[in-house]
Amino acid sequence: MPLFSAHVQVSLRSSVLDPAGEATRAAAARLGVDGIKTLRIGKSIHVELEAPDRATAQAQIELLSDRLLANPVIEDWSLELAETHGGQQA
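Bear in mind the structure is a predicted one, so any value in this text is a computation, not a measurement. The numbers attached to residues start from 1 for each chain and follow its sequence in the written order. With the structure being a predicted model, the display of local features is reserved for residues of pLDDT at least 70 and the display and counting of side-chain atom pairs for 80 or more, all residues being used for whole-chain, interface and lining totals. To obtain the side-chain values, all non-hydrogen atoms of the structure were used and water was disregarded.

Trainee: Outline the overall build of the protein chain, listing residues and values.
Mentor: When helices and strands are tallied, the protein chain shows two helices and four strands. Helices and strands appear in the protein chain in the N-to-C order β-α-β-α-β-β. Note that the radius of gyration is over C-alpha atoms, with the globule rule given as 2.2 Å times the number of residues to the power 0.38. Computed over C-alpha atoms, the radius of gyration of the protein chain comes to 17 Å, more than 25% over the 12 Å expected from 2.2 N^0.38 for 90 residues, which places it beyond the range of a compact globule. Summarising its shape, the C-alpha atoms of the protein chain cover approximately 50 × 30 × 15 Å along the three principal directions. Whether a residue is buried, partly exposed or exposed follows from its accessible area with a 1.4 Å probe, protein chains only, as a fraction of its type maximum: under 20%, in between, or over 50%, in that order. Across the 90 residues of the protein chain, 27% fall into the buried class. Total accessible area computed for the protein chain in this model is approximately 6100 Å², and 54% of it derives from carbon and sulfur atoms. Here Asp and Glu are counted as negative and Lys and Arg as positive; His is not counted, and neither are the chain ends. Charge positions come from single atoms, namely NZ of Lys, CZ of Arg, CG of Asp or CD of Glu. The distance from the centre of the 8 positive side-chain charges to the centre of the 12 negative ones in the protein chain is 11 Å. The helix and strand labels rest on DSSP assignments: H or I over at least four residues marks a helix, E over at least two residues marks a strand, and numbering proceeds from the N terminus. Methods summary: accessible areas were calculated by the Shrake-Rupley approach with a probe of 1.4 Å, and residue burial reflects only the protein chains presented.

Next comes the structure, spelled out in structure tokens:
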């Protein structure tokens, strides 16, 4: 069965305040890193799964992303999906 590698990027919607991002931006300024106008914190999730075909793999990862990996009320997500062969992306 083919092996697929998925990368899901989850981020807060732009309308949602990001206290962790603001705290990190303030800490960067204290370190002397100036000029950061916006800093937002997100999640990066890597999943490898076996599926009979790309469409099935994508549907399964989309279901995970919508129901488990992201909170649809306050977060958006994006997906990169690739079929892998022997540990290498196709």
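From this point, the discussion proceeds with the structure in view.
Trainee: Explain the pattern of salt bridges to me, and be specific about the residues and the numbers.
Mentor: A side-chain nitrogen of Lys or Arg and a carboxyl oxygen of Asp or Glu constitute a salt bridge if their distance falls within 4 Å. Enumeration over the complete set of coordinates arrives at three salt bridges. A salt bridge links arginine 13 to aspartate 76, with the nearest nitrogen and oxygen atoms 3.1 Å apart. Of this pair, arginine 13 sits in the loop between strand 1 (3–12) and helix 1 (19–30) while aspartate 76 sits in strand 3 (residues 75–85), and the two are 63 residues apart along the sequence. The partly exposed category is assigned to aspartate 76, whose relative accessible area is 37%. Notably, a salt bridge pairs glutamate 75 with lysine 43, separated by 3.8 Å at the nearest N-O pair. Linking glutamate 75 in strand 3 with lysine 43 in strand 2 (residues 42–50), this pair joins segments that are 32 residues apart in sequence. For glutamate 75, a relative accessible area of 13% corresponds to the buried category. Take lysine 43: its relative accessible area is 37%, and that puts it in the partly exposed class.

Trainee: Residues and numbers for the environment of histidine 7, please.
Mentor: Among the structural elements, histidine 7 can be located in strand 1. Using a relative accessible area of 26% as the deciding quantity, one classes histidine 7 as partly exposed. With 63 residues separating them in the primary sequence, histidine 7 and alanine 70 have C-alpha atoms 13 Å apart. The criterion used for residue contact is that any of the two residues' heavy atoms lie within 4.5 Å. Those residues in contact with histidine 7 that sit more than four places away from it in its chain are Ser44, Ile45, Ser78, Leu79 and Glu80. Of the polar contacts made by the side chain of histidine 7, one reaches the side chain of serine 44; its length is 2.6 Å. The term polar contact refers here to a pair of N or O atoms within 3.5 Å; inside protein, the definition further demands a hydrogen-donor-capable atom paired with an acceptor-capable atom, and it admits residues adjacent in sequence only when both atoms are side-chain atoms.

Trainee: A description of helix 1 should follow, citing residues and the corresponding values.
Mentor: Taking 1.5 Å of rise per residue, twelve residues should cover 16 Å, and helix 1 covers 17 Å from first to last C-alpha, within 8% of that figure. At the exit of helix 1 stands glycine 32, carrying a positive phi of roughly 95°. What a helix should span is 1.5 Å times the count of its residues minus one.

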